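Report on the structure
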Amino acid sequence: MPKQTPTFCADLHCHSTISDGIYQPEVVAERAHSYGVTLWSLTDHDEVSGQQRARVRAEELGMTYLSGVEISVTWANQTVHIVGLGIDPENVTLVQGLRETRAGRAGRARRIGERLAKLGMPGAFEGALTFAGNPELISRTHFARFLVEAGHCQTVQSVFDHYLSDDGPAHEPMQWAKLEDAVSWIRGAGGVAVIAHPGRYHYTPTQFGALFDTFKDVGGQAIEVITGSHTVPQYQEYAQVARHYDFLASCGSDFHSAKESKIEFGSLPPLPADLKPVWKDLI
Ligand code: AMP
Ligand code: MN
Ligand code: MN
Ligand code: MN
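The structure presented is a predicted model; accordingly, all values stated were derived computationally and were not measured.

The rules we used
Along every chain, residues carry numbers that run from 1 in the direction the sequence is written. Chain letters and ligand numbers both follow the written order, the letters beginning at A and the numbers at 1. Residue-level local features of this predicted model are given only where pLDDT is at least 70; pairs of side-chain atoms are given and counted only at 80 or more, and the full residue set underlies all totals for whole chains, interfaces and linings. The basis for every side-chain value is the complete set of non-hydrogen atoms in the structure, without hydrogens or water. Boundary definitions for the domains trace back to an automatic or database domain assignment. Contact between two residues is taken to exist if any of their heavy atoms lie within 4.5 Å; hydrogens are not considered. In this description, buried area is defined as the sum, over both parts, of the accessible area (probe of 1.4 Å) that is lost when the two are combined. Salt bridges are defined as contacts in which a side-chain nitrogen from Lys or Arg sits within 4 Å of a carboxyl oxygen from Asp or Glu. Here a polar contact is taken to be a pair of N or O atoms separated by no more than 3.5 Å, where protein atoms must pair a possible hydrogen donor with a possible acceptor and residues adjacent in sequence count only if both atoms sit in side chains. Only nitrogen, oxygen and sulfur atoms count as donors, using a 2.8 Å cut-off from the metal that widens to 3.2 Å for Na, K and Ca. Water is left out, so coordination shells may look unfilled. Put simply, DSSP H or I for four residues or longer makes a helix, DSSP E for two residues or longer makes a strand, and each gets a number counted from the N terminus. Residue burial is assigned from relative accessible area. The probe radius is 1.4 Å, only protein chains are included, and a residue is buried under 20% of its type maximum, exposed over 50%, and partly exposed in between.

Considering the domain arrangement of the chain
- You can read the domains of the chain as domain 1 (10-101 + 175-281) and domain 2 (105-164).
- With centres defined by C-alpha atoms, the gap from domain 1 to domain 2 works out at 25 Å.
- Residue-level contacts link 13 residues of domain 1 with ten residues of domain 2.
- For the pair domain 1 and domain 2, the summed buried area comes to about 900 Å², and 46% of that belongs to carbon and sulfur atoms.
- Taken as a group, D20, W176 and E260 account for 45% of the area that domain 1 buries against domain 2, more than any other trio of residues on that side.
- Across the contact surface, domain 1 and domain 2 share two salt bridges.
- Between the two partners, domain 1 and domain 2, sit seven residue pairs in polar contact (both at pLDDT 80 or more).

Points about the coordination of the manganese ion (ligand 2)
- The protein atoms donating to the manganese ion (ligand 2) are D20 (OD), H45 (NE2) and H256 (NE2), with metal-donor distances spanning 2.2 Å.
- In terms of primary sequence, the donors binding the manganese ion (ligand 2) are separated according to D-x24-H-x210-H.
- A distance of 5.6 Å spans the gap from the manganese ion (ligand 2) to the manganese ion (ligand 3). Taken together, the residues span a long stretch of sequence, with D20 in the loop between strand 1 (10-11) and helix 1 (25-34) and H256 in the segment after strand 8 (248-252) at a distance of 236 residues.
- By relative accessible area, which is 3% here, D20 ends up buried.
- On the basis of relative accessibility, which here comes to 14%, the residue H256 falls in the buried class.

Structure, rendered in structure tokens:
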């Protein structure tokens, strides 16, 4: 019997214990593979130390691997996430830029802990740390998991809805990397910069136009169209943005954990056929 070629399936956005996912990089690789992914990237927040582990396991399983990262950026007073795909994870400027981006997380986490204590939820900083696989990468998700475990909320999503979302009472404003720096680190490391889940940002139409123009001006090339963070109408909306700005298109589940993630690997529709996929010149 001839071996069947697996159907092509790309997932270029997800997380491991190196940031705020709950599985080790190898286990995320195994999960992606078992749900049919053939082109994969692990894109931990502000950190590339899981890349070698992810690549080795992915290639053992026969997937094509692209090195990845998701960089936290502040633009027009809001947080924007920029995914870098096809980067060299050992690039010195990228690694140093990510280290600086992570540096403020510990102090921010202490302040979030103080806010939560004032709201009647003590011990959250120490509690969140026990959930963080990487102490340099303590994130709101780790707080959310602790608050669920401590019985303050039923689900991680409800912690965000009540306390930790960008306008929630326990949110701590952060100054993340600059857009032009994040794009330049990614480009300098040989990668393509992608605006992650644009449908999640609360910009006015004018601000969105300025974000896309600026991103393009500083060397950004791609946008996520199909993502676990978008509704079906948003697939169409951001496909139109990709056409208008001549952006490459990307897709990914943004998988963090089986319980918390809305979308499982391999369950999103393919990119609209007329868009140029972000992997065009990367594989
Ligand atoms: P941080 O980098 O610490 O600000 O945490 C950001 C992470 O928190 C995101 O990558 C998501 O995993 C999660 N997150 C942020 N906002 C929400 C939200 N409104 N609902 C659920 N998860 C969220
Ligand atoms: Mn996350
Ligand atoms: Mn994100
Ligand atoms: Mn993500």
